[in-house]
Amino acid sequence: MNTREIPPLRKELITASDIYTAKFGKDEKTPKILYKAAEVYMAHDQFEEGRRRFVDLINQYPQDEVAEYATNLVIESYLIEKSFIDVEKFSRTMLGKPEFARKTEFLAELIKFKSGAMFKLAEGLGAEEKHDEAAVMYLKMLEENPQTQFAAMALNNAAVAYERVQRYAPAMRMYRR
């Protein structure tokens, strides 16, 4: 993806944000200031730097509300790039953060992102004629997230993948589930 140049005024905002956080450290305004600076990079399709800054924010201020927004923007940037492996990996990492354990709605959203990414990865494996691997990915997704909205399709797709490599016994088990 092509990045866009950050206008001078926005660059000054980023510089001022960096100076502020270096000078005042961890005060109540810092997470929001860090968020705004990272958001500028994301808005100009400079995802690598934007993600780096968002991840730093998430790690330093996981309890702040902007940590959730930052997490969503990191995931959305991977979705824009169609990097489903990174969506899955990052979602899994965020699900493991103890600071997010009580945020049930947010966790449900992360699980949905992770499941969707795993589904897309399995589809990609199938498209590459890696049917055994695709079936394993579908089943892993179901094992980790049995209530996922993709459950019925994943079972069917796993069965079809097994059929394509003439593994009829596991295919039949999938169809019966």
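Novice: Outline helix H9 (residues 168-176), listing residues and values.
Specialist: Among the residues of H9, those classed as buried are Pro-170, Ala-171 and Met-174. Along the long axis of H9, the arc covered by the buried residues comes to 105 degrees, so they all point the same way. Lining the buried residues of H9 we find helix H7 (131-144) and helix H8 (151-164).

Novice: How would you summarise the pattern of salt bridges if you had to cite specific residues and measurements?
Specialist: The full count for this structure, using the stated rule, is 16 salt bridges. Linked by salt bridges that have partners in common, Asp-18, Glu-49, Arg-52, Arg-53 and Asp-56 make up one network.

Novice: Could you give an account of the packing of helix H4 (residues 65-80) against helix H5 (residues 84-95), with specific residues and numbers?
Specialist: Interaxial distance between H4 and H5 falls to 8 Å at its minimum, and their mutual angle equals 165 degrees. Taken as axis vectors, H4 and H5 run roughly antiparallel relative to one another. In this structure, the crossing between H4 and H5 has a hand that is left-handed. Residue-level contacts link Thr-71, Val-74, Ile-75, Tyr-78 and Leu-79 of H4 to Phe-84, Asp-86, Val-87, Phe-90, Ser-91 and Met-94 of H5.

Novice: Quick one: what's the story with H7, residue by residue and with numbers?
Specialist: Under the 1.5 Å per step criterion, the end-to-end length of H7 is 20 Å for 14 residues, consistent within 8% with the ideal 20 Å. Turning to H7, the residues buried within the fold contact helix H6 (104-127), H8 and H9.

Novice: Got a sec to walk through the layout of surface pockets? Specific residues and values, please.
Specialist: As a volume, the largest pocket reaches approximately 160 Å³. Looking at the largest pocket, the residues that line it are Asp-18, Thr-21, Gly-25, Lys-26, Thr-30, Leu-34, Arg-52, Arg-53, Asp-56, Leu-57, Gln-60 and Tyr-61. Contributing elements (two or more residues each) for the lining of the largest pocket: helix H1 (8-24), helix H2 (30-43) and helix H3 (47-60). Considering each element in turn, the lining of the largest pocket owes the most residues, 5 residues, to H3. Looking at the lining of the largest pocket, its residues break down into 3 nonpolar, 4 polar and 5 charged.

Novice: Tell me what's going on with the packing of aromatic side chains, and back it up with residues and numbers.
Specialist: Counting across every chain of the model gives 7 aromatic pairs. For the pair Tyr-35 and Tyr-69, a centre-to-centre distance of 6.4 Å together with 70 degrees between the ring planes defines the contact as edge-to-face. Here the residue Tyr-35 occupies a position in helix H2, and Tyr-69 occupies one in helix H4, the gap between them amounting to 34 residues. Tyr-69 sits in the partly exposed class, given a relative accessible area of 41%. By way of ring pairs, the aromatic residues Tyr-35, Phe-54 and Tyr-69 are connected into one cluster. Here the guanidinium or amino end of Lys-26 rests over the ring plane of Tyr-61, the centre of that ring lying 5.4 Å away.

Definitions and cut-offs
- Residues numbered from 1 in each chain as written.
- Predicted model: local features only at pLDDT ≥ 70, side-chain atom pairs only at ≥ 80, totals over all residues.
- Heavy atoms only, no water.
- Buried < 20%, exposed > 50% of the residue type's maximum accessible area, 1.4 Å probe, protein only.
- Helix = DSSP H or I, 4+ residues; strand = E, 2+ residues; numbered from the N terminus.
- Arc of directions from axis to C-beta.
- Contact = heavy atoms within 4.5 Å.
- Salt bridge = Lys/Arg side-chain N within 4 Å of Asp/Glu carboxyl O.
- Axes fitted to C-alpha atoms, helices over the stretch in contact; angles between N-to-C directions.
- Parallel < 35°, antiparallel > 145°, perpendicular 65-115°, else oblique.
- Left-handed = near helix turned anticlockwise from the far one by under 90°.
- Expected span 1.5 Å × (residues − 1).
- 1 Å grid on protein atoms, 1.4 Å probe; cavity = no way out; pocket = protein on both sides within 12 Å on 5 of 7 lines; lining within 4 Å.
- Points joined across faces, edges and corners; volume = space filled by probe spheres on them.
- Nonpolar A, V, L, I, M, F, W, Y, C, P; charged D, E, K, R; others polar.
- Phe/Tyr/Trp six-rings, centres within 6.5 Å; stacked < 30°, edge-to-face > 60°.
- Lys NZ or Arg CZ within 6 Å of the ring centre and 35° of its normal.

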